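Working through the structure, step by step
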Amino acid sequence: MSVFYAPSLQNEQAHYQLSEEESKHCIRVLRMQTGAAIQLVNGRGLEAHALLQDAHPKRCMLQITAVVQHDPTPAVHVAMAPTKNMDRIEWFLEKATELGLTKLTLLNCEHNERKLVNTERLEKIAVAAMKQSKRFYLPVIEPMHRFSDFIEAQPNGYFGHCADGPKIKMSHLVAGKPFLIGPEGDFSEQEIALAIQSGYEAVEMSTFRLRTETAALLATTALLG
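Description of the structure in this document. None of these values were measured; they are calculated from a predicted model.

With that settled, the discussion passes to the overall build of the protein. What the protein contains, in helices and strands, is six helices and 12 strands. Counting only C-alpha atoms and orienting by the principal axes, one finds that the protein spans roughly 65 × 30 × 30 Å. Counting all 225 residues of the protein, 44% fall into the buried class. Taking contacts inside the protein between residues at least 6 apart in sequence as the whole, the part at least 24 apart equals 74%. About 11,700 Å² of surface is accessible on the protein, with carbon and sulfur atoms providing 49% of the total. Of the charged side chains in the protein, 23 are positive and 26 negative, and the gap between their average positions amounts to 7 Å.

Shown next as structure tokens:
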């Protein structure tokens, strides 16, 4: 059954009109016809089964036949500095969404090579990954935060860096805490010290040097347990 994104879907609706983009995909791309069975997700745990009532390529109307509210998934929060190449961020977000990422925060660190990110495009990638993997929750994507502001607002968590110093094993992570991943030039010495002062524990992620997006995906899987 094909899955469509319905962000305004409510629990007691009898009908739902797809957006123009989703309608076009339904009719022009998938060539679905009246009476076809469709699955809807609103990205906040609500799933609906529906029948295609009006196969209009710009405003498909659906008749909802059943709804299910799914329990929230465990919190998996990764805060990362964006890479210079946007394709790498997009790759990470797609795979992490499939695995169960619940929140992505973008960090503005001292060694960042990218200061601006198109979050609208990232949201579209997350929606596509959610639909493809048949998940019911869309990860929250937060815009750029200054590193110092983020750890002040959310103390206590984990982070990976390449500098020498005491580090805990990946197996010691506790779910629910944010995991910070630095830029391609790594966190600065000042940022590492500030994170430790704010209750963050450094994590031994690998004996090898990892790319930013690889480290972020590894952090995602570690937080999932």
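Moving on: the sheet that holds strand β7 (residues 103-108). Pairing in this open sheet of seven strands is parallel, and the strands run β8-β7-β6-β11-β9-β12-β10 from one edge to the other. Whereas interior strands pair on both sides, the edge strands pair on one side only; in this sheet they are β8 (140-146) and β10 (168-169). Across five bridges, the pairing between β7 and β8 is parallel. Along β8, the bridge assignment pairs Asn108 with Arg146. Helix-sheet contacts for helix α3 (residues 119-133) involve β7 and β8, and the interaxial angle to β8 is about 150 degrees.

For the coordinates displayed, the defined rule picks out seven salt bridges. Arg121 is the salt-bridge partner of Glu90, the closest N and O atoms lying 2.7 Å from each other. In this pair, Glu90 sits in helix α2 (residues 86-99) while Arg121 sits in helix α3, placing the two residues 31 residues apart along the sequence. Looking at Glu90, the relative accessible area reads 11%, which means it is buried. With a relative accessible area of 44%, Arg121 lands in the partly exposed category. The partner of Glu142 in a salt bridge is Lys103, with the nearest N and O atoms 3.7 Å apart. Of this pair, Glu142 sits in strand β8 while Lys103 sits in strand β7, and the two are 39 residues apart along the sequence.

The next thing to look at is the nonpolar core. Phe92, Phe179 and Ile181 are the most contacted members of the largest nonpolar core, which has 36 residues in total. Of all the secondary-structure elements, those providing two or more residues to this core are β1 (2-5), β6 (77-80), α2, β7, α3, β11 (179-181) and α6 (212-224). In terms of residue count, α6 provides more of this core than any other element does, six residues in total. Excluding its chain neighbours within four sequence positions, the residues that come into contact with Phe179 are His77, Val78, Ala79, Tyr158, Phe159, Gly160, Leu173, Val203, Met205, Ala219 and Leu223. Judged by nonpolar contacts, the second largest core, of 18 residues, contains Ala6, Leu9, Leu18 and Cys60.

One pass over the full model with this rule turns up three aromatic pairs. Consider the rings of Phe147 and Phe187, whose centres lie 5.3 Å apart with planes at 50 degrees: the pair is tilted. Note that Phe147 is positioned in helix α4 (residues 147-153) and Phe187 in the loop between β11 and α5 (189-197), a separation of 40 residues in sequence. Take Phe147 and Phe187: they sit in the same class, and that class is buried. Three or more aromatic residues joined by ring pairs form one cluster here, namely Phe147, Phe159 and Phe187.

Okay, the sheet that holds strand β3 (residues 37-41) next. Two pairing modes exist for strands in a sheet, parallel and antiparallel, and in both the strands are linked by backbone hydrogen bonds. Taken in spatial order, the five strands make up an open sheet running β1-β3-β4-β5-β2, and their pairing is mixed. Unpaired on one side and paired on the other, β1 and β2 (15-17) mark the two borders of the sheet. Within the sheet, the average angular offset between the axes of one strand and its neighbour, ignoring direction, is 40 degrees. When β2 meets strand β5 (residues 61-69), the two strands line up antiparallel, connected through three bridges. Residue pairing for β5: Gln17 is matched across the bridge by Met61.

A separate point is the side chain of Asn112. Along the chain, Asn112 turns up in the loop between β7 and α3. A polar atom in the side chain of Asn112 sits 2.9 Å from the backbone oxygen of Leu107. Those residues in contact with Asn112 that sit more than four places away from it in its chain are Ala81, Pro82, Leu107, Met144 and Pro183.

Orientation of α2 relative to α6, taken along the N-to-C sense of each, is 15 degrees, at an axis distance of 9 Å. What the angle tells us is that α2 and α6 run roughly parallel. Seen along the crossing, α2 lies across α6 with a hand that is right-handed. Where α2 approaches α6, its residues Arg88, Trp91, Phe92, Lys95, Ala96 and Leu99 are matched on the opposing element by Glu213, Ala216, Leu217, Thr220, Thr221 and Leu224. Partitioning the contact of α2 with α6 into residue classes produces seven nonpolar, two polar and three charged.

Scoring rules and cut-offs
- Residues numbered from 1 in each chain as written.
- Predicted model: local features only at pLDDT ≥ 70, side-chain atom pairs only at ≥ 80, totals over all residues.
- Heavy atoms only, no water.
- Helix = DSSP H or I, 4+ residues; strand = E, 2+ residues; numbered from the N terminus.
- Buried < 20%, exposed > 50% of the residue type's maximum accessible area, 1.4 Å probe, protein only.
- Contact = heavy atoms within 4.5 Å.
- Areas by Shrake-Rupley, 256 points an atom, 1.4 Å probe, with all protein chains shown as cover.
- Lys, Arg positive; Asp, Glu negative; His and termini not counted.
- Charge placed at Lys NZ, Arg CZ, Asp CG, Glu CD.
- Pairing = 2+ DSSP bridges.
- Axes fitted to C-alpha atoms, helices over the stretch in contact; angles between N-to-C directions.
- Salt bridge = Lys/Arg side-chain N within 4 Å of Asp/Glu carboxyl O.
- Core = buried A, V, L, I, M, F, W, Y, C linked by side-chain atoms within 4.5 Å.
- Phe/Tyr/Trp six-rings, centres within 6.5 Å; stacked < 30°, edge-to-face > 60°.
- Polar contact = N/O pair within 3.5 Å; in protein donor to acceptor, adjacent residues only side chain to side chain.
- Parallel < 35°, antiparallel > 145°, perpendicular 65-115°, else oblique.
- Left-handed = near helix turned anticlockwise from the far one by under 90°.
- Nonpolar A, V, L, I, M, F, W, Y, C, P; charged D, E, K, R; others polar.

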